[in-house]
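# Residue-level structure breakdown
The residues making up each chain are set out below.
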Amino acid sequence: MKNKLFTLNFCFILTANFLLFFAFYLLLPVLPFYLEEEFMAGKSMIGFILSCYTIACLSIRPFSGYLLDTFSRKPLYLLAYFVFTVIFGGYMLTSLLFVFIALRIVHGFAFGMVSVAGNTIVIDILPSERRGEGLGYYGLANNIAMSFGPMVGLFMHKTCSYGLIFSCSLLSGCLGVVMAGLVKTSYKAPMKREPLSLDRFLLVKGIPAGFALLLLSVPYGMTTTYVAMYAGEIGIRVSSGLFFTCMAIGLAVSRMFSGKQVDKGRITLVIQLGMYMAIIGFTSLFVCRYLIACYSMLTSVFFLFIALLLGIAFGTMFPAFNTLFVNLASNNQRGTATSTYLTSWDVGIGIGLMLGGVIGQILGGFNYAYLLGAILTVFSVVFFHIKVVPHFNVNRLR
C-alpha cells in the first residue's frame, strides 16, 4: 500500500511538472510573433521583453530557496503555480505594452519560485536510495514538454488565433495546479531561522560544483540559441527542429539509466562521463564547418548525431549534479541547494546567450563559439576533478 501511495504521489508531481513546462514551451516560440504583430514591437524591444522573464526568474531563485527552507513548501509551490497560470490570462486581456512587460516580469518571478519549489518537493517525497532515478524521470517530464510544446505552439500559430494559444497554456496551467494540489507532502512547521547570512540564499558548500556547472551551461546556452543559425551559416540542410528532437531523445534516453547509476553512489563518475561526451560534442560542432566542404551529406547526418550525443551528455549530468548539490546540504537546506543548482545553470545560460552572439559577430562564425564551448568544458572537467570531487567527498552529508 505504501509503495502504491508513493507511486501515485510521484505521478501527480510528474504530471504537474509536465503541464507547467508544456504551458511555458507552448507559448515560447509564439511570443515574438505576437509582440511583433499585436504591439508592433521591433526586434530589440522583443529581445528586451523576453529577457525580462529570464532576469526576473534568475533574481528570485536565491530568495525562493530561502523561503522554501523557512516555510511550508507545498503552499508556496501552489501559490507560485497559481500565479504562473493566471498570467496567461493576463496576456490575453492586456492591450498595453508596458502592462505586458510588467506581466512578463511577474511571470518570471513565479516561474523561478515554482520551478525551485517543485524540484525541492520531489526531493522531499523521493526515498534517498532512489533519488537519482526519480530526479531523472522528473527531468524527463521537462524534456518531453520541451520537445512537444514548441512544436504544438508553432503548429497552432499557423492554424489558430493567439487567444486560443494563450487559452491552451492557461488550461495546461490550470490542470497542473490541480495535479500539484493532489501531491501529498509531510507537514513542515515554520522554522525559526538564524540571522540572515549568505548561506541562507546560496549553498556555500556548493559553490565549487556551481562553478563547474556554470562552465558547462555556457556552451549549452550557445547551442540551444544559435545552432539553427550556425547550421544555415555553414550550409547544413537539416531542419533545426530535427536537431532539437534528437537532442531531446538523447536527454530522455540518458535519464533512464544515469539516475540508477547515481543511486549506486557513482555521482562524480556519472558527471565526468557526461563531461567527456560534451567535449566531443562541442568539438564536433566546431569541426562541422570544415567537414561540410568535402562531405555535405555525411556532415548533415553527423550534425544530428552530435545533437543526440549532447542530449545524452547533459541528460547524464543533470540528475547527478542535482543529487550532488542535495547531498552537500542538510535536510533543512534542500531549497537552498536546489536554488543554487538552478541559479548556477541559469547564469551560465545567460552568459552563453550574450557571448555566443558577440563571438559570432566579431569572429565571423558561430564555429568559434563552439570551439570556446569545448575549451570551457575541458576547464570544467579539470576543475571538477581537481577541486569539486575532493571537496564533495569531504563535505557530503549522505
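The present account deals with the structure reproduced in this document. Computed from a prediction, not measured in an experiment: that's the story for all the values here.

Conventions adopted
- Residues numbered from 1 in each chain as written.
- Predicted model: local features only at pLDDT ≥ 70, side-chain atom pairs only at ≥ 80, totals over all residues.
- Heavy atoms only, no water.
- Helix = DSSP H or I, 4+ residues; strand = E, 2+ residues; numbered from the N terminus.
- Rg over C-alpha atoms; globule rule 2.2 N^0.38 Å.
- Buried < 20%, exposed > 50% of the residue type's maximum accessible area, 1.4 Å probe, protein only.
- Contact = heavy atoms within 4.5 Å.
- Patch = residues over 30% accessible without salt bridge, like charges linked within 9 Å, V, L, I, M, F, W, Y side chains within 5 Å.
- Areas by Shrake-Rupley, 256 points an atom, 1.4 Å probe, with all protein chains shown as cover.
- Salt bridge = Lys/Arg side-chain N within 4 Å of Asp/Glu carboxyl O.
- Core = buried A, V, L, I, M, F, W, Y, C linked by side-chain atoms within 4.5 Å.
- Polar contact = N/O pair within 3.5 Å; in protein donor to acceptor, adjacent residues only side chain to side chain.
- Phe/Tyr/Trp six-rings, centres within 6.5 Å; stacked < 30°, edge-to-face > 60°.
- Expected span 1.5 Å × (residues − 1).
- Bend = angle between axes of the 7 residues up to and from the residue.

## Let's talk about the overall build of the protein
Within the protein, the regular secondary structure consists of 13 helices and zero strands. Starting at the N terminus and ending at the C terminus, the protein contains elements arranged as α-α-α-α-α-α-α-α-α-α-α-α-α. Relative to the globule expectation of 21 Å for 398 residues, the C-alpha radius of gyration of the protein, 21 Å, shows essentially globular dimensions. Summarising its shape, the C-alpha atoms of the protein cover approximately 65 × 55 × 45 Å along the three principal directions. When the 398 residues of the protein are sorted by exposure, 55% land in the buried category. Across the protein, contacts joining residues at least 24 apart in sequence account for 87% of those joining residues at least 6 apart.

## Comments concerning a nonpolar patch on the surface
A surface patch of nonpolar side chains, about 780 Å² in accessible area, is lined by Tyr290, Val358, Ile362, Leu363, Tyr368, Leu371, Ile375 and Phe379. Those elements that provide at least two residues to the nonpolar patch are helix 12 (334-362) and helix 13 (367-395). It is helix 13 that contributes the most residues to the nonpolar patch, four residues altogether.

## Points about the nonpolar core
Judged by nonpolar contacts, the single largest core of 124 residues is most densely connected at Ile13, Tyr77, Phe84, Leu285, Phe314, Phe321 and Phe384. Setting aside residues up to four positions removed in sequence, Tyr77 forms contacts with Ile13, Ala16, Val114, Ala117, Gly118, Ile121 and Ala180.

## Brief notes about the environment of Ile249
Along the chain, the position of Ile249 falls in helix 9 (residues 240-263). Placed 59 residues apart in sequence, Ile249 and Leu308 show a C-alpha to C-alpha distance of 6.8 Å.

## Quick look at the side chain of Ser339
Turning to its location among the elements, Ser339 is positioned in helix 12. The exposure class of Ser339 is buried, given its relative accessible area of 1%. Polar side-chain contacts of Ser339 include one of 2.5 Å to the backbone oxygen of Arg61.

## Things to note about the packing of aromatic side chains
Evaluated as defined, the whole model comprises 32 aromatic pairs. Measuring from centroid to centroid gives 5.8 Å for Tyr34 and Phe39, while their planes differ by 80°, and the two rings are edge-to-face. The residues Tyr34 and Phe39 share a single accessibility class, namely buried. For the ring pair Phe318 and Trp345, a centre distance of 5.0 Å and an interplane angle of 85° mean the geometry is edge-to-face. Here the residue Phe318 occupies a position in helix 11 (residues 296-327), and Trp345 occupies one in helix 12, the gap between them amounting to 27 residues. Among the residues examined, Phe318 registers a relative accessible area of 11% and is labelled buried.

## Let's talk about helix 5 (residues 97-125)
Taking 1.5 Å as the rise per residue, helix 5 with 29 residues should run 42 Å; its terminal C-alpha atoms sit 42 Å apart, in good agreement. Counting buried positions along helix 5 gives 21 out of 29 residues, so the element sits mostly inside the fold.

## Looking at the environment of Asp263
Inspection of the secondary structure assignment puts Asp263 in helix 9. For Asp263, a relative accessible area of 25% puts it in the partly exposed group. Sequence spacing of Asp263 and Glu133 is 130 residues, and the spatial spacing of their C-alpha atoms is 6.8 Å. If we skip the residues at most four places from it in the chain, Asp263 touches Ser128, Glu129, Arg130, Arg131, Gly132 and Glu133.

## Quick word on helix 10 (residues 267-291)
Since the α-helix packs 3.6 residues into each turn, any two residues three or four apart lie on the same face. With 25 residues, helix 10 should reach 36 Å at 1.5 Å per residue; the first-to-last C-alpha distance of 36 Å fits that figure. Considering bend angle alone, the principal kink of helix 10 is centred on Leu285 and spans about 30°.

## Points about the pattern of salt bridges
The tally for this structure, following the rule as stated, stands at three salt bridges. Between Glu233 and Arg289 there is a salt bridge, with its nearest N and O atoms 2.8 Å apart. Taken as a pair, Glu233 in helix 8 (residues 207-234) and Arg289 in helix 10 lie far apart in primary sequence, 56 residues in all. Residue Arg289 is classed as partly exposed on the basis of its relative accessible area of 27%.

By themselves these figures say nothing about function.
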